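What follows is the residue order along each chain.
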Amino acid sequence: MTRKKTPKAPPRAEPDAFEASVAAYDDASGSMFQILAPDGTLTRPDLLPPADVQLRLYREMRRARHFDERGWVLYRQGRLGVFPPFGGMEASQCGTAAALTSDDWLFPTYRDTGAALTLGLPIARTLAYWRTSPHGWAMPENLKVLPFYIPIATQYPQAVGAALAEQRQGTRNVAMAFIGDGGSSEGDFHEALNFAGALNAPCVFILQNNGWAISVPTRKQTKATNLSRRAEGYGIPGVRVDGNDVLATWHVTNEAVQRARAGEGPTLIETVTYRIKPHTVADDPSRYRTEEDNAGWAEKDPVERMRRHLMNSGLLTEQSEAELLSEVAAEFEAALQEADSYPDPTPAEILDHVFAEPTPQLRKQRAELLAEVDA
Amino acid sequence: MTATASKTKTMTMVAAINEALDLALANDPAVHIFGEDVGVMGGVFRATDGLQAKYGVDRVFDTPLAEAGIVGMGIGMGLAGLKPVAEIQFAGFLYPALDQILSHLGRFRHRTRSRYHLPMVIRAPYGGGVHTPEQHADSPEAILAHTPGVKVVIPSTPSDAKGLLLSAINDPDPVFFFEAIKLYRSVKEEVPEGDYRVPLGKARVVTQGDDVTVVCYGGMVEVAQKAAEAARTAGIGVEVIDLRTLVPMDTETVLQSVEKTGRVVIVTEAPRTAGFHSEISATIAEEAIEFLRAPIVRVTGFDAPYPPFTAIEDVYRPNPLRVAKAIRKVMAY
Ligand SMILES: Cc1ncc(C[n+]2csc(CCOP(=O)(O)OP(=O)(O)O)c2C)c(N)n1
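Residues numbered from 1 in each chain as written. Chains lettered and ligands numbered in written order. Predicted model: local features only at pLDDT ≥ 70, side-chain atom pairs only at ≥ 80, totals over all residues. Heavy atoms only, no water.

## Here we look at the overall build of chain B
Put simply, the rule reads: The helix and strand labels rest on DSSP assignments: H or I over at least four residues marks a helix, E over at least two residues marks a strand, and numbering proceeds from the N terminus. Radius of gyration: C-alpha atoms only; globule rule: 2.2 Å multiplied by the number of residues to the exponent 0.38. Type-normalised accessible area, obtained with a 1.4 Å probe on protein chains alone, sets the label of each residue: buried when under 20%, exposed when over 50%, and partly exposed for intermediate values. Throughout, a residue-residue contact means that at least one pair of heavy atoms, one from each residue, lies within 4.5 Å. Reported accessibility uses the Shrake-Rupley method at a 1.4 Å probe radius. Residues are deemed covered only where the shown protein chains occlude them. Charged residues are defined here as Lys and Arg on the positive side and Asp and Glu on the negative side; His and the ends of the chain fall outside this count. Charge positions come from single atoms, namely NZ of Lys, CZ of Arg, CG of Asp or CD of Glu.
Tallying secondary structure elements over chain B gives 12 helices and 14 strands in all. Relative to the globule expectation of 20 Å for 333 residues, the C-alpha radius of gyration of chain B, 19 Å, shows essentially globular dimensions. For chain B, the spread of C-alpha atoms along the three principal axes comes to 60 × 45 × 45 Å. When the 333 residues of chain B are sorted by exposure, 65% land in the buried category. Excluding contacts between residues fewer than 6 apart, the proportion of contacts in chain B whose partners are at least 24 apart in sequence is 82%. Looking at chain B as shown, the accessible area adds up to about 12,000 Å², and 54% of this sits on carbon and sulfur atoms. Computed over 33 positive and 39 negative side-chain charges, the inter-centroid distance for chain B is 2 Å.

Shown next, in the form of structure tokens:
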């Protein structure tokens, strides 16, 4: 082997300058896009959307929160299976999904009930899903929403494919995929961002940074302090947004969706929010975090924040608020009744929907199974 | 088999595959081909040669180098109405994509109660016999055959390659299409022209015989054929069955032959433990044990990674002599 000269190390920034830039980078709140401050006042009044959009966003968050709250009760009553709550993340889910139309694709994770409801997934189907009824898997024909993804990150490359397929077929439809801060450590996340950039897929990637991956806080998940910056490595825009500000999440996502529709490619949006609730309704967060960890997040509540703003601006009154709440509650109870009416699956259904035509092997196994359950 | 094709043309297996892809692209605008180096270069084995020039960079395109991305993106394309035909450069590089395959590709129809299905084909060169580097000769078909919801096809002749590939691309469900590297250019055959199809799930009786049934597929069919010829000179009638598709498997053809011969040799180049040969063996034991006159014998690779050592590669990969010895063994029992 011939001896080579050791390559010269690249010039390093002076330690002081380096530390200063890290500190600036660390300043999460300062670098977050926001329209509505936690106290309900506008930091960017120039970006306020029309009244009908504001009211729709509030309604979607209310529907989602109602689902989350009733879900807990139903779970305790044994009328709903284990599900991951999302209360407190409504702005992150509803504001983003509200930027889509029913021609667009939604790839939700298990935590994104709020996003799916916003796109139009019927409440009854959603309840059925979390009851582990097949009725919750048969997604409605008029929507392009996939069943909630349980494996982490796998939906990201798939969203790129759906987006690309829309583009190849000459539509202006886009695909939106969700992921968590933990999920952004998976290889699929990185492959998808790279594919989407390289192939210019009309894709909107939502990275919900809710502070935790079960028991692991974001600061232990990664040394990175600004996950939206990951986009830079793939040559695509990355935006960091206050994930508890529904006006901000809607505004930013809407821009990303328009860009994608116009053929300008994908965007990564990090919504900075917090999972104030346990990981699932069956989880005990006291094992891994303290009340201190949660401090301050209740005041940032996205629903309350938007309510204050709407009240201040007169778009909402005590009376119209009360009407909205009772409408939302009535809609949910009707859906619950519908979900209650879905029949249980029959045993042979486990062998259904494997192939378009069952193979000889599946036919044989069906006969065996039926003989067994009849015996 | 469709009878539309009357004229034939002599070609290699890789040419037959290229022709099938060409026809599929021409017949259906939904068909899209992608993978590593499949575009300008036409694939490392040239299976996609000339297709990008003919159909454009939207229909035939290179992806970044990432197998999970390729399969995952293909799933999304299939969901959204296209017919994705992905190439994984070598079957030994399918592993990074196994999560997409096991978690999603195989169960999408099931988990959406048929609201969505994935008409996706994944082609991958597989198997040994041509002294490839490490990891380039793997035979991972059993992993896929063990995955509910995916089909597995492995042709052994140029006309089967064409006919099965067209069936695979037109199948509504995901199909793995393994192409024996050894066979790409080593055999030429008359291949029917036009939209020629061979149905999935039908085995091919390669040679007829009354004494021993040899079940095999892909790269092992020519090995078994040579052993069968040698056995014939010794007066032993060998029925060689080429499965063609592992999922669905044509159990009927295998059992009919076993009922006639009562002796079975199964040949694959995959490792021994828990291979697809075990499935064939178990099926025969369950369905036709009363016809067996000797224990079933498997001729396989070993429970070790496929050796990248040219000098001893042939020790791992079954050759005609090993198959012939197995035939003698079941005859002598
Ligand atoms: C591939 C995979 N690995 C592990 C798990 C188990 N698991 C479920 S949720 C979770 C944490 C995910 O955290 P994050 O991505 O931040 O999303 P969040 O739950 O906070 O919404 C883990 C490890 C899984 N579902 N899939």
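Back to the text.
## What about the site of the ligand?
Residue and element names in this part refer to chain A. The cut-off we apply is this: A molecule or strand has a residue near it when one of that residue's heavy atoms lies within 4 Å. Two N or O atoms count as a polar contact when they lie within 3.5 Å, although within protein this holds only if one can serve as hydrogen donor and the other as acceptor, and sequence-adjacent residues are included solely when both atoms are side-chain atoms. Asp, Glu, Lys and Arg are counted as charged, while Ala, Val, Leu, Ile, Met, Phe, Trp, Tyr, Cys and Pro are counted as nonpolar; the rest, among them Gly, fall into the polar class.
Taken together, 15 residues surround the ligand, and among them Tyr110, Arg111, Gly182, Gly183 and Trp212 come closest. At a separation of 3.0 Å, a nitrogen atom of the ligand approaches a polar backbone atom of isoleucine 150. The separation between an oxygen atom of the ligand and a polar main-chain atom of glycine 183 is 2.8 Å. Calculation on the ligand without its partners gives an accessible area of 580 Å², and the protein chains cover 69% of this total. Taken together, the residues that form the shell around the ligand break down as seven nonpolar, five polar and three charged.

## Some words on the interface of chain A and chain B
Put simply, the test is: Two parts placed together each lose some accessible area under a 1.4 Å probe, and adding up what both lose gives the buried area. For this analysis, a salt bridge means a side-chain nitrogen from Lys or Arg found within 4 Å of a carboxyl oxygen belonging to Asp or Glu.
Of the residues lining the interface, 43 residues belong to chain A; the matching set on chain B comes to 45 residues. For the chain A and chain B pair, buried surface summed over both sides reaches about 3,400 Å², with 61% attributable to carbon and sulfur atoms. Applying the counting criterion to the chain A and chain B interface returns four salt bridges. Here B:Arg115 and A:Glu141 are joined by a salt bridge, their closest N and O atoms 3.9 Å apart. At the boundary of chain A with chain B, the tally comes to 23 residue pairs in polar contact (both at pLDDT 80 or more). When contributions to the side of chain A that touches chain B are tallied by element, the ones reaching two or more residues are strand E1 (105-107), strand E2 (144-145), helix H6 (155-168), helix H7 (187-199) and helix H13 (360-374) of chain A. Its residues placed into classes, the side of chain A that touches chain B shows 27 nonpolar, eight polar and eight charged.

## Observations regarding the nonpolar core
Rules: Here, nonpolar core means buried Ala, Val, Leu, Ile, Met, Phe, Trp, Tyr and Cys residues that are tied together by side-chain atoms lying within 4.5 Å of each other.
Among the nonpolar cores identified, the biggest contains 119 residues, and A:Phe107, A:Phe205, B:Phe178 and B:Leu243 are the most heavily contacted of them. Other than its neighbours up to four places away in sequence, B:Phe178 contacts B:Ala91, B:Leu94, B:Ala124, B:Tyr126, B:Pro140, B:Glu141, B:Leu144, B:Val152, B:Val153, B:Ile154 and B:Pro155. Counting 63 residues, the second largest nonpolar core, distinct from the first, contains A:Ala124, A:Ala128, A:Ala248 and A:Phe332.

## Points about the domain arrangement of chain B
Residue and element names in this part refer to chain B. Here is the rule: An automatic or database domain assignment supplies the residue ranges for each domain.
Assigned domains within chain B: domain 1 (8-192) and domain 2 (204-332). The gap between the C-alpha centroids of domain 1 and domain 2 is 26 Å. Facing the 28 residues of domain 1 at the interface are 22 residues of domain 2. Of the roughly 2,000 Å² buried at the junction of domain 1 and domain 2 (both faces included), carbon and sulfur atoms supply 56%. On inspection of domain 1 and its partner domain 2, the count reaches three salt bridges. Here aspartate 160 and arginine 204 are joined by a salt bridge, their closest N and O atoms 3.5 Å apart. The interface formed by domain 1 and domain 2 holds 15 residue pairs in polar contact (both at pLDDT 80 or more) in total. Counting only elements with at least two residues in the side of domain 1 that touches domain 2, the list comes to helix H6 (141-145), strand E6 (151-153) and helix H7 (158-170). Its residues assigned to classes, the side of domain 1 that touches domain 2 comprises 14 nonpolar, eight polar and six charged.

## Some thoughts on unusual backbone geometry
The omega torsion of the bond from B:Val247 to B:Pro248 falls at -5°, within 30 degrees of zero and hence cis. Its location among the elements puts B:Pro248 in the loop between strand E12 (245-247) and helix H9 (251-261). With a phi close to 55°, A:Asn200 is a non-glycine residue in the positive phi region. Considering the arrangement of structural elements, one finds A:Asn200 in the loop between H7 and strand E4 (203-209). A positive phi angle, close to 65°, is found at B:Arg244, a residue other than glycine. Within the fold, B:Arg244 resides in the loop between strand E11 (238-242) and E12.

## With respect to the side chain of A:Arg63
Residue and element names in this part refer to chain A. With respect to the element layout, arginine 63 can be found in helix H2 (residues 51-76). At 3.4 Å, the side chain of arginine 63 and the backbone oxygen of leucine 117 are in polar contact. Among the polar contacts made by the side chain of arginine 63, one reaches the side chain of glutamate 331 at a distance of 2.9 Å.

## Details of the sheet that holds E11(B)
Residue and element names in this part refer to chain B. How we decide: A pair of strands counts as paired when DSSP detects no fewer than two bridges linking them. Interaxial angles span 0 to 180 degrees and are taken between N-to-C directions of axes, which are lines fitted to C-alpha atoms, for helices over the stretch in contact.
Taken in spatial order, the five strands of this open sheet run E9-E11-E10-E13-E14, and their pairing is mixed. Two strands close off the open sheet at either side, each with one partner strand: strand E9 (204-207) and strand E14 (297-299). Strand-to-strand twist of the sheet, defined as the mean angle between neighbouring strand axes without regard to direction, takes the value 25°.

## Some points on the UniProt feature "domain: Dehydrogenase E1 component" (unreviewed entry) in chain A
Put simply, the rule reads: UniProt positions are given in the numbering used here, feature names are shortened, and annotations may be inferred rather than shown by experiment.
Those residues carrying the UniProt feature "domain: Dehydrogenase E1 component" (unreviewed entry) are residues 59-347 of chain A in this numbering. With 44% helix and 11% strand, residues 59-347 of chain A has its two end C-alpha atoms placed 40 Å apart.

## Structural notes on the pattern of salt bridges
Residue and element names in this part refer to chain A. A complete count under the given rule lists 42 salt bridges over all chains for this structure. Where glutamate 270 meets arginine 240, a salt bridge forms, and the shortest distance between an N and an O atom there is 2.8 Å. Taken as a pair, glutamate 270 in strand E8 (residues 267-272) and arginine 240 in strand E7 (residues 238-242) lie far apart in primary sequence, 30 residues in all. Comparing glutamate 270 with arginine 240, the two get one shared label, buried. Across the pair glutamate 368 and lysine 364 runs a salt bridge whose closest N-O atoms are separated by 3.4 Å. Of the two residues, glutamate 368 and lysine 364 are both situated in helix H13; the distance of four residues between them amounts to about one turn of the helix. Via salt bridges that share partners, Arg56, Glu60, Arg63 and Glu331 belong to a single interconnected network.

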